[in-house]
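Architecture and fold: a report
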Amino acid sequence: MTKSNTAAVQPAEPAAKNQLFLGTFVHSKALTELEYLHNAAVCVDRSGVIVAVERDCDEVKARATLLPRLGWDEAEVKLVIAKEGQFFFPGFIDTHLHASQYPNVGIFGSSTLLDWLNTYTFPLEASLADPAKARRVYSRVIRKTLAHGTTCAAYYATTDVASTNLLADLCLAAGQRALVGRVCMDQLSPSYYRDSSPESAVAATLASIEHIRRADPTFTLVRPVITPRFAPACSFALMRQLGELAAATQLPVQTHISENRREVALVAELFPPSATGARDASYAALYDAAGLLTPRTILAHAVHLTEPEAALLARRGCAVSHCPCSNSALTSGAARVRWLLDRGIVCGLGTDMSGGFSPSVLEAARHAVLVSRHVAMGVAGGGSRGGDEKAAEKKESESESEEEKERAKLSVEEVLFLATRGGAKVVGLEGKVGGFDVGMEWDAQLIGLTMVDDAGGGGVEDEDGDAGNVDVFGWESWPDRIAKWLYNGDDRNTKRVWVKGRLVHERK
Ligand SMILES: Nc1nc2[nH]cnc2c(=O)[nH]1
Ligand SMILES: [Zn+2]
């Protein structure tokens, strides 16, 4: 068994004190609805669990009635107040990103998926077998994503077990919730970056699972995730063995599906149903034949799925990670999120660094809005479809009513749902994170927007000269403020971030 190059790091300590948060809280109530709690109080106990949500409650009232009701000694309570222009929002959940590709963010030229992997991605990932480099990269990606409000991330590491384990250790130490996957791939990649057999890939996966189990025995913060890279890079024997491992361990699975048209064609060519027993030559049927479609499976992209494939995913209870920045950057196509949701498929958002060019889920959310507009405009295909298909699609989109096209558009509320509660469901944490309900854990961010003062300045927010892009003049409604944040916000607006009640990032 491969040893980690670090001693196991203990899980992050919970917050030392009970905490009282006061101010405005905004979270998703449903897919299309944000709830605004003004002058509210949220109490979070030492274990990081929300034990009370009280409306119309200022500090005086909280001290007089709320804290005594909870039996909390007020001297022992840490108080956090959102100021004017600030609000608490659930932490973001990035349902798909490659920690190992972080150094390449923004570097993709005009490549598309298959040449991008060979040119940019495999060499970088392979180089992270160097423990010092892995530590530098992984420490940075955790700090960077936390600074953007990502409280939970579904990470791909690399094929290297020691550095995969290090990523898990570093997440625990930093207090970031994470799914950490050791990447499996035994074909069609360079010889310097490939598992030598299905058995060695499974053994390496088990080694990483056992390491994470030792480091966080209850998987409270960090969980292993079984990670076949994608079908073209895995033999059917490997996919099947990983499917069996998923069944035996009940662990989550993450992989990619139908991202790019050439990839889809390659899958059909590499895996004829006669060789796999799949019901047809589709990508989804192949994964199903391997036992990889489970209610704990996260499938990134799903851009080019067919109707029967979507029905199969829905039947198996799989979730989709929509990665709009990546799909646009690599010219993969425009995923039809409304279409997926209409078919009962759970969706969340992924940055897919470094196919995606940004570590920010907020960026992914605004691109999800824009990509949905492209779907509405009938430019869903992208990539390399043939003439006949294009013509068929044109006809189809012309026959859709204006109303139907309009439905493809995602709203501000919807993409923020996908970034929080939707993502929580994708990673198996529904009811635990993603909102501010009693019984959920305090994974949250304090967002600050710049309140423009009478002289047209940015008040105290401007003191450091780096207050961000979001100016609020005071006449905006709360939905207007949220829209301004969605379209113009960045990490400068993310003032503080908590995971399970523990402060894990503070913008100085
Ligand atoms: N976007 C993306 N797609 C993939 N398909 C297989 N590997 C990858 C990857 O690293 N990124
Ligand atoms: Zn990916």
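Predicted model, so just to flag it, every value in this text is computed and none were measured. (Residues numbered from 1 in each chain as written. Chains lettered and ligands numbered in written order. Predicted model: local features only at pLDDT ≥ 70, side-chain atom pairs only at ≥ 80, totals over all residues.)

Within the protein chain one finds 17 helices and 20 strands. The globule rule puts the C-alpha radius of gyration for 508 residues at 23 Å, and the 23 Å found for the protein chain is close to it. For the protein chain, the C-alpha atoms occupy an extent of roughly 70 × 60 × 40 Å along the three principal directions. (Helix = DSSP H or I, 4+ residues; strand = E, 2+ residues; numbered from the N terminus. Rg over C-alpha atoms; globule rule 2.2 N^0.38 Å.)

If you walk across this open sheet you meet the four strands as β6-β7-β8-β10, and the pairing is parallel. On the outer flanks of this sheet lie β6 (92–98) and β10 (222–224), each paired with one strand and no other. Neighbour-to-neighbour, the strand axes of this sheet turn through a mean angle of 15°, independent of strand direction. When strand β7 (residues 150–156) meets strand β8 (residues 177–181), the two strands line up parallel, connected through five bridges. (Pairing = 2+ DSSP bridges. Axes fitted to C-alpha atoms, helices over the stretch in contact; angles between N-to-C directions.)

Bringing the site of ligand 1 into the picture now. Around ligand 1, the surrounding shell consists of His98, Leu113, Leu117, Thr121, Arg229, Phe230, His256, Glu259, Ser326, Asp352 and Gly355. Tallying contributions element by element places helix α2 (residues 113–127) first for the shell around ligand 1, with three residues. The residue makeup of the shell around ligand 1, split by class, is three nonpolar, five polar and three charged. (Near = placed C-beta within 6 Å. Nonpolar A, V, L, I, M, F, W, Y, C, P; charged D, E, K, R; others polar.)

Among the structural elements, Glu430 can be located in the loop between α16 (412–426) and β16 (444–448). With 369 residues separating them along the chain, Glu430 and Lys61 place their C-alpha atoms 32 Å apart. Residues within four places of Glu430 in sequence aside, it is in contact with Ala424 and Lys425. (Contact = placed C-beta atoms within 7 Å.)

Tyr155, Leu167, Cys171 and Val180 are the most contacted members of the largest nonpolar core, which has 148 residues in total. Two domains each put at least three residues into this core: domain 1 (18–90 + 436–506) and domain 2 (92–377 + 412–426). If we skip the residues at most four places from it in the chain, Cys171 touches Ile142, Gln176, Ala178, Val180, Leu221 and Val222. (Core = buried A, V, L, I, M, F, W, Y, C linked by C-beta atoms within 7 Å. Buried ≥ 20, exposed ≤ 12 C-beta atoms within 10 Å, placed from the backbone. Domains from an automatic or database assignment.)

Let us look at the environment of Phe436. Along the chain, Phe436 falls in the loop between α16 and β16. Each C-alpha atom of the pair Phe436 and Ala154 lies 21 Å from the other, and the pair is 282 residues apart in sequence. Setting aside anything within four residues of it in sequence, one finds Phe436 in contact with Phe25, His27, Val42, Ile50, Val53 and Pro90.

What follows concerns the sheet that holds strand β12 (residues 253–257). Strand order across the open sheet formed by four strands is β12-β13-β14-β15, with parallel pairing between neighbours. Lying at the two open borders of the sheet, with one neighbouring strand each, are β12 and β15 (346–349). Across the sheet, the mean angle from the axis of one strand to that of its neighbour is 30°, orientation sign disregarded. Note: strand β14 (residues 319–322) against β15, four bridges, orientation parallel. Counterpart to Val320 in the pairing with β15 is Cys347.

With that settled, the discussion passes to the confidence of the model for the protein chain. For the protein chain, the average pLDDT comes to 93, and 92% of its residues sit at 70 or higher. In the predicted structure, residues 1–9 sits below a pLDDT of 50 and forms 23 contacts with residues beyond four places in sequence or in another chain. This model gives residues 382–387 a pLDDT under 50, and the stretch forms 13 contacts once residues within four places in sequence are excluded. Listed scores for the predicted complex are pTM 0.95 and ipTM 0.99. (pLDDT = per-residue confidence, 0-100.)

What follows concerns helix α5 (residues 198–215). The first and last C-alpha atoms of α5 sit 26 Å apart over 18 residues, in line with the 26 Å expected at 1.5 Å per residue. Considered for burial, the residues of α5 that qualify are Pro198, Ala201, Ala204, Thr205, Ser208, Ile209, His211, Ile212 and Ala215. End-on, the buried residues of α5 take up no more than an arc of 160°, which puts them together on one face. In this fold, the buried residues of α5 make contact with α4 (161–174), β8, β9 (183–184), β10 and α6 (236–249). (Expected span 1.5 Å × (residues − 1). Arc of directions from axis to C-beta.)

Here we take up unusual backbone geometry. That bond from Met353 to Ser354 is cis: its omega, 0°, falls within 30 degrees of zero. Its place among the elements puts Ser354 in the loop between β15 and α13 (361–376). The phi angle at Phe219 is positive, at roughly 50°, despite the residue not being glycine. Here Phe219 shows up in the loop between α5 and β10. Exposure remark for Phe219: the 14 C-beta atoms within 10 Å place this residue in the partly exposed category.

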